[in-house]
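Tertiary structure, described
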Amino acid sequence: MPDVLKAPLVVEFPFTRSLGPVQSAFLTGLRERVVLGVRTRDGRTLVPPVEYDPVTAEEIRDLVHVGATGTVTTWAWNHEPRRGQPLDTPFAWVLVRLDGADTALLHALDAPGPDAVRTGMRVRVRWAEERTGAITDIACFEPYDGDDSEVTFHAGEFADPVHGIVAQARLDYTYSPGRAQTAYINALAERRAVGERCPSCRKVYVPPRGACPTCGVATSEQVEVGPAGTVTTFCIVNIKAKNLDIEVPYVYAHIALDGADLALHGRIGGIPYDQVRMGLRVEPVWTEGGRYPDHYRPTGEPDADYETYKELL
Amino acid sequence: MTSEASPGRREIAVVAFAQSDTLRSTAELSEVEMLMPVLHDVLAQTGLKTADIGFTCSGSCDYLAGRAFSFTLALDGVGAWPPISESHVETDGAWALYEAWTKLLSGDADTALVYSYGKSSPGSLRDVLTRQLDPYYVAPLWPDSVALAALQAQALIDAGDTDERELAAIGARSRTTDNPRAQLKGPVPQGDYLVRPLRRGDCPPIGDGAAAVILAAGERARELCERPAWIRGIDHRIEAHSLGVRDLTDSPSARLAAERAGAFERPVDTAELHAPFTSQEVVLRKALGLGDSTRINPSGGALAANPMMAAGLARIGEAAVRIHRGESDRALAHATSGPCLQQNLVAVLEGDPR
Ligand SMILES: [Zn+2]
């Protein structure tokens, strides 16, 4: 089996999330160096606070001020910090029950080594220098041997409260399209289109995915198709895509390559957008050094008869 | 769902199970190419064709592949033309089996194909799994799956429920399996700490794999399988997402699911537990009241092979094939999802009296 293609695939997404009244108060509080919890009807104080009692599902809004000092309830030594984690030097993950709270908050503890950490140890918040109203406004916790901090009433009201967060995420993958699509992509680089024939129904799939979706069996017999094909259906795109250097409007079409039993997608060029039609005969256009067709253009042949492609719509 | 047979309730059984080898990387295969031999295997065991199947349900996760709607491509492997009755869950296939079970109970179908698959190899699994965490308070800190399991392990050690030696023994026992599909078999060094107190040997291997099950109702099950594994009860429960609200040394959700599935009515001889970390087996044994008379994870469990989204379904399948083969009469199968056993599903399977 020839080597399969591989390429880096980075998925990045800045999720914009809105906060309800409780989460807004909590994260705004962190910005102002105040830690807030929420009181349940039976008198427990939850930190970090939630909008609904996890036991009764009752809506809760009764904000209370808790300490910036607390006690470690469990920990784990992380000798190899990973990207995005609170500290880039070895640290302990900790659950900390802040003074005045009945539940624990997850964060990082800056400590010289695992021997300096134990369940029950006293810690306090180390605030981030720049705070925006996010959980990372707590830079980390640090060991602390002073008194409990004083806990006072707090209405949870601040000037200029934060109403949302942007949750940044980035995941790195190595994408591989697998055997069948590797063969297809490699053939495209040689300016050929290669499909696979189903051993059962004899249909030719382009691009091949290694399986016949009708029969649910593996395909492997390679069949060269095209290069020309027929537009089976199309749409006119009026929205400019980010990072895509194509003038709008343009036509995106389903194209049944000659010899194929499935239509593939492609952009139609070399013809005004409002003259593209079903049955138009087209051929691929490669740009210099391109590994795949840039677009398809009219061949100049007469249009295909509807009967010849109606099964491929 | 309670296990008390309601009047006229249909009997549903697992009649076939197949799984792929679990491999560290399967880059040469697309998901459907990895899945298809498993689907052909499970269908061949019953002689059914995809067109004979009344309902199809699958489990997978886009975050593993890094692509949206990735499950739709896998449908090529089941032959979704002409149109079939189909559904998908974005989690372990054990939950797809639950959905299929309710479909069969309703009488809408007599047979169901359940499959699930996951390729962990394209991405960094520890990073990928952080995206299932609370996005406001937890995910921005990027605590990975091993770190969260390690917090639970330390809580167990502090509570006197286990120690590092016992955890190592759980890992060693799991990997002495003769399961031919397992990724890790035989002696594996316990290794260094990944996140203390968990060492490499306390953690599951990272692998790609797929599993499939066929369910059938009543007489149809007896036609398709000599000794069907009847699902006497199945239930799933979830706990609060905030780790600091939970007692990490216990699993009340697993216990409640087991109770509602009827697990405590009579002892089970076999338990297939989806415990990706050695410490989680300690939690589950306690929560489910499993004693020495129960064989735990003869398949090796998730410590021997942990294909994401398929490992839970595989636990149900492994329990079922032991009943098919006459090695078990009453088995408990468990699946989990989320950090530190947040979600738990329990099924109780029985064979006909011999
Ligand atoms: Zn076919």
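In what follows, the accompanying structure is described.

Procedures and definitions
- Residues numbered from 1 in each chain as written.
- Chains lettered and ligands numbered in written order.
- Predicted model: local features only at pLDDT ≥ 70, side-chain atom pairs only at ≥ 80, totals over all residues.
- Heavy atoms only, no water.
- Helix = DSSP H or I, 4+ residues; strand = E, 2+ residues; numbered from the N terminus.
- Buried < 20%, exposed > 50% of the residue type's maximum accessible area, 1.4 Å probe, protein only.
- Contact = heavy atoms within 4.5 Å.
- Lys, Arg positive; Asp, Glu negative; His and termini not counted.
- Charge placed at Lys NZ, Arg CZ, Asp CG, Glu CD.
- Buried area = accessible area lost by both parts, 1.4 Å probe.
- Salt bridge = Lys/Arg side-chain N within 4 Å of Asp/Glu carboxyl O.
- Polar contact = N/O pair within 3.5 Å; in protein donor to acceptor, adjacent residues only side chain to side chain.
- Pairing = 2+ DSSP bridges.
- Axes fitted to C-alpha atoms, helices over the stretch in contact; angles between N-to-C directions.
- Core = buried A, V, L, I, M, F, W, Y, C linked by side-chain atoms within 4.5 Å.
- Donors = N, O, S within 2.8 Å, 3.2 Å for Na, K, Ca; no water.
- Tetrahedral: all angles 85-135°; square planar, octahedral: opposite > 155°, others 65-115°.
- Phe/Tyr/Trp six-rings, centres within 6.5 Å; stacked < 30°, edge-to-face > 60°.
- Lys NZ or Arg CZ within 6 Å of the ring centre and 35° of its normal.
- 1 Å grid on protein atoms, 1.4 Å probe; cavity = no way out; pocket = protein on both sides within 12 Å on 5 of 7 lines; lining within 4 Å.
- Points joined across faces, edges and corners; volume = space filled by probe spheres on them.
- Nonpolar A, V, L, I, M, F, W, Y, C, P; charged D, E, K, R; others polar.
- Expected span 1.5 Å × (residues − 1).

1. Observations regarding the overall build of chain A
If you tally the helices and strands in chain A, you get 3 helices and 18 strands. With respect to the three principal axes, the spread of C-alpha positions in chain A is 90 × 45 × 40 Å. Counting over 313 residues, chain A shows a buried share of 47%. A separation of at least 24 residues holds for 58% of the contacts in chain A among residues at least 6 apart in sequence. Here chain A contributes 32 positive and 43 negative side-chain charges, whose respective centroids are spaced 4 Å apart.

2. Here's the deal with the interface of chain A and chain B
Each side of the interface is counted separately: chain A has 64 residues, and chain B has 51 residues. Overall, the association of chain A and chain B removes approximately 4700 Å² of surface from exposure, summing both partners, and the carbon and sulfur fraction of that is 60%. Interface area lost by chain A to chain B is led by Arg82, Tyr173 and Arg209 of chain A, which between them contribute 13%. If you look at where chain A meets chain B, you find 3 salt bridges. A salt bridge links Arg209 of chain A to Asp76 of chain B; the nearest nitrogen and oxygen atoms lie 2.6 Å apart. At the boundary of chain A with chain B, the tally comes to 20 residue pairs in polar contact (both at pLDDT 80 or more).

3. Observations concerning the sheet that holds strand S1 (residues 12-19) of chain B
Residue and element names in this part refer to chain B. One open sheet accounts for 10 strands, arranged S3-S2-S4-S7-S1-S8-S12-S11-S9-S10; its pairing is mixed. Each edge of the open sheet is held by one strand with a lone partner, namely strand S3 (86-89) and strand S10 (295-296). Bridging between strand S4 (residues 111-118) and strand S7 (residues 209-217) involves 8 bridges; their strand directions are antiparallel. Bridged to Leu113 within S7 is Ile214. On the sheet, helix H9 (residues 252-260) packs against strand S8 (229-238) and strand S12 (343-350) and is oriented at approximately 145 degrees with respect to S8.

4. Structural notes on the nonpolar core
Of all hydrophobic cores here, the largest spans 58 residues; its most connected members are Leu98, Leu109 and Phe141 of chain A. Apart from residues no more than four positions distant in its own chain, Leu98 of chain A is found in contact with Val35, Val47, Val66, Gly67, Ala68, Thr69, Gly70, Thr103, Leu105 and Phe141 of chain A. If you look at the next biggest cluster of nonpolar residues, it comprises 39 residues, including Trp95, Leu104, Ala112 and Ala347 of chain B.

5. Some points on the coordination of the zinc ion
Six octahedral donors around a metal ideally subtend angles of 90 or 180 degrees, whereas four tetrahedral donors ideally subtend 109.5 degrees. Residues and elements named next belong to chain A. Around the zinc ion, the protein contributes the donor atoms Cys198 (SG), Cys201 (SG), Cys212 (SG) and Cys215 (SG), which lie 2.3 Å from the metal centre. Metal-centred angles of 108 to 113 degrees between the 4 donor atoms at the zinc ion mark the site as tetrahedral. Counting gaps between the donor residues of the zinc ion yields the pattern C-x2-C-x10-C-x2-C. Residue Cys201 is found in the loop between strand S11 (193-197) and strand S12 (204-205), and its partner Cys215 is found in the loop between S12 and strand S13 (221-225); the two are separated by 14 residues along the sequence. Given a relative accessible area of 30%, Cys201 falls into the partly exposed group.

6. A short note on the packing of aromatic side chains
Following the criterion strictly, the structure yields 6 aromatic pairs over all chains and no others. With centroids separated by 5.4 Å and ring planes inclined at 70 degrees, the aromatic side chains of Phe13 of chain A and Phe15 of chain A adopt a geometry described as edge-to-face. A residue is classified by how much of its surface remains accessible, and Phe15 of chain A, at 39% relative accessible area, is partly exposed. For the pair Phe26 of chain A and Tyr137 of chain B, a centre-to-centre distance of 5.0 Å together with 70 degrees between the ring planes defines the contact as edge-to-face. Of this pair, Phe26 of chain A sits in helix H1 (residues 21-31) while Tyr137 of chain B sits in the loop between helix H5 (125-128) and helix H6 (145-158), which puts the two residues in different chains. The pair formed by Phe26 of chain A and Tyr137 of chain B is uniform in burial state, with each residue classed as buried. Put simply, the rings of Phe13 and Phe15 of chain A together with Tyr63 of chain B touch in pairs and so form one group of aromatic residues. Above the plane of the ring of Trp142 of chain B lies Arg131 of chain B, whose end atom (NZ or CZ) is 3.6 Å from the centre.

7. A word on the sheet that holds strand S2 (residues 35-39) of chain A
Residues and elements named next belong to chain A. Sheet architecture is open: 3 strands sit in the order S3-S2-S4, paired in antiparallel fashion. Single-partner strands in this sheet number two, and they are strand S3 (45-46) and strand S4 (62-66). One ladder, built from 2 bridges, connects S2 with S3; its direction is antiparallel. Looking at the pairing, Val38 lines up with Leu46 of S3. Most of the contacts of H1 go to S2, to which it runs at about 155 degrees, and overall it touches S2 and S4.

8. Let's talk about empty space enclosed by the protein
The probe, sized like a water molecule, is rolled over the atoms to show the empty space still left. Residues and elements named next belong to chain B. The full count for this structure, using the stated rule, is 3 cavities of 30 Å³ or more. Roughly 100 Å³ of internal volume is contained in the largest cavity. What lines the largest cavity is a set of 17 residues, and nearest its centre among them are Gln19, Ala305, Pro307, Ala314 and Arg315. Contributions of two or more residues to the lining of the largest cavity are made by S7 and helix H12 (311-324). With 4 residues, the top contributor of residues to the lining of the largest cavity is H12. Class assignment for the residues of the lining of the largest cavity results in 8 nonpolar, 6 polar and 3 charged. Quantified by volume, the second largest cavity comes out at close to 50 Å³. Around the second largest cavity, the lining residues are Glu31, Ser60, Cys61, Leu64, Ala65, Ser70, Tyr117, Gly118 and Lys119. Residues of the lining of the second largest cavity, tallied by class, amount to 4 nonpolar, 3 polar and 2 charged.

9. Observations concerning the layout of surface pockets
Here the second largest pocket defines a volume of roughly 780 Å³. Class assignment for the residues of the lining of the second largest pocket results in 17 nonpolar, 4 polar and 3 charged.

10. Considering helix H2 (residues 178-189) of chain A
Over its 12 residues, H2 of chain A runs 17 Å from end to end, which matches the ideal 16 Å to within 8%, given 1.5 Å per residue. Every buried residue of H2 of chain A is listed here: Gly178, Ala180, Thr182, Tyr184, Ala187 and Leu188 of chain A. Residues of H2 of chain A that are buried make contact with S11 and strand S16 (264-268) of chain A together with helix H1 (31-46) of chain B. A positive backbone phi angle near 65 degrees is found at Arg191 of chain A, which sits one or two residues after H2 of chain A.

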